[in-house]
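Structural description and commentary
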Amino acid sequence: MKYVGEAPQEELATGERSTRNRVARSILDHGPSTAADLAKRVGLTQAAVRRHLDALVSDDVVEAREQRVYGARTRGRPAKVFALTDCGRDAFDQSYDKLAADALRWIAETSGDQAVLAFARARMAVQAEGYREAVEAAAPEGRAEALAKALSADGYAAMARSAPGPQQGEQLCQHHCPVAHVAEQFPQLCEAETELFSSLLGTHVQRLATLAHGDGVCTTFVPRSGHAPPPQTTPSASASTAGRNPA
């Protein structure tokens, strides 16, 4: 027996789930976000977004953090941002993490860590074919943006933006990584990716933050021509240390 209003309630529940998926997807595509930013992107009031965020936090899809500040900190409390949890990322990730990790572990046990790095480099070399074409077709000042678009087409939800503060360059940000969980165990994947970025962009690049290291976004600093990278701020910051730390 159906009760009056049962179907509308069911439709409402479906609509709520759809809106929450949009909110979570916006965080995936743009990285840790404030409620105000999310409200603008999904076309809702901040009050409505906060209600959906509360539900997502309760479901362990999203977590609240203090906004990371690069450079001099301004007065007042840092803004609260919302980032996807590991469970939240799993909902979007279709990769076979366990199978990949088991395969790499077997390679490491039978042939050593350098064999894992050789595999990671070979994997990135295959991906580089499409990326290189996009980057080389762009003007020098637009190459980071061209690489970001190519990465986004492969599911990395990437973007390029001017580096904050006095840094002379750009930040290449990847808000999603299909192999982040595997890279936690095998940082050679990140080392090979960082090497590829340097090769494609024709300059030394520097990792500042990584999803595999527990950060909300993978951030790579790309200096402008003639400018040095910023001082190293984390153990996983430089390309030269990427093989020893998750990146």
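Before reading on, note that the structure itself is shown above.
My aim in this report is to walk through the structure given alongside it, one point at a time. (Residues numbered from 1 in each chain as written. Predicted model: local features only at pLDDT ≥ 70, side-chain atom pairs only at ≥ 80, totals over all residues. Heavy atoms only, no water.)

**Comments concerning the pattern of salt bridges**
Let me state the cut-off plainly: Here a salt bridge means any side-chain nitrogen of Lys or Arg lying within 4 Å of a carboxyl oxygen belonging to Asp or Glu. Each helix corresponds to a stretch of at least 4 residues labelled H or I by DSSP, and each strand to a stretch of at least 2 residues labelled E; elements are numbered beginning at the N terminus. The classification of residues rests on relative accessible area computed with a 1.4 Å probe and restricted to protein chains. Under 20% of the type maximum is buried, over 50% is exposed, and intermediate values are partly exposed.
Taken as a whole and judged by the stated rule, the model has six salt bridges. With a shortest N-O distance of 2.4 Å, Arg207 and Glu193 are connected by a salt bridge. Taken together, the residues Arg207 in strand 5 (residues 206-209) and Glu193 in helix 9 (residues 188-201) connect sequence positions 14 residues apart. Here the two residues Arg207 and Glu193 agree in accessibility, since each one is buried. What you see here is one network of salt bridges that share partners, running through Lys98, Asp102 and Arg105.

**What to know about helix 7 (residues 143-153)**
Counted only if it meets this: Two residues qualify as a contact provided that any one of their heavy atoms is within 4.5 Å of a heavy atom in the partner residue.
Taken as a whole, helix 7 has its buried residues at Ala144, Ala146, Leu147, Ala148, Ala150 and Leu151. At its buried positions, helix 7 is contacted by helix 6 (113-136), strand 3 (158-162), strand 4 (169-174) and helix 9. Positive phi appears at Gly155, one or two residues downstream of helix 7, with a value of about 95°.

**Concerning the packing of helix 5 (residues 97-111) against helix 6**
As a reminder, the rule being used: Note on geometry: axes are C-alpha line fits, over the in-contact stretch for helices, and angles between N-to-C directions span 0 to 180 degrees. When describing relative orientation, an angle under 35 degrees is termed roughly parallel and one over 145 degrees roughly antiparallel, while 65 to 115 degrees is termed roughly perpendicular and anything else oblique. Three classes are used: nonpolar for Ala, Val, Leu, Ile, Met, Phe, Trp, Tyr, Cys and Pro, charged for Asp, Glu, Lys and Arg, and polar for all others, with Gly counted as polar.
At a minimum axis separation of 6 Å, helix 5 and helix 6 run at an interaxial angle of 135°. As far as their axial angle goes, helix 6 and helix 5 are oblique. Every residue of helix 6 that contacts helix 5 at Leu104, Ile107, Ala108 and Ser111 is listed here: Asp113, Ala115, Val116 and Phe119. Taken together, the residues of the contact of helix 5 with helix 6 sort by class into six nonpolar, one polar and one charged.

**Digging into the nonpolar core**
Our working definition: Put simply, buried Ala, Val, Leu, Ile, Met, Phe, Trp, Tyr and Cys residues joined by side-chain atoms within 4.5 Å make one nonpolar core.
Leu104, Tyr131, Leu147, Leu151, Leu172 and Phe186 are the most contacted members of the largest nonpolar core, which totals 36 residues. Per-element tally for this core: the top contributor is helix 9, with seven residues. Excluding residues within four positions of it along the chain, Leu172 makes contact with Ala144, Leu147, Ala148, Leu151, Met159, Phe197, Cys218, Thr219, Thr220 and Val222.

**A word on the pairing of strand 4**
Put simply, the test is: What makes two strands pair is DSSP finding at least two bridges between them.
Taking burial as the measure, the six residues of strand 4 include five buried ones, the bulk of the element. Pairing geometry for strand 3 and strand 4, over five bridges, is antiparallel. Following the sheet pairing, Ala160 is matched in strand 4 by Leu172. Pairing of strand 4 with strand 6 (residues 218-223) involves six bridges; the strand directions are antiparallel. Each bridged residue has a counterpart across the sheet, and for Leu172 the counterpart in strand 6 is Thr220.

**Focus: unusual backbone geometry**
Even without glycine at this site, Asp60 takes up a positive phi of about 60°. Considering the arrangement of structural elements, one finds Asp60 in the loop between helix 3 (46-58) and strand 1 (62-66). One non-glycine residue, Ala157, adopts positive backbone phi at about 45°. Looking at where Ala157 falls in the secondary structure, it is placed in the loop between helix 7 and strand 3.

All we've got here are geometric facts, nothing functional implied.
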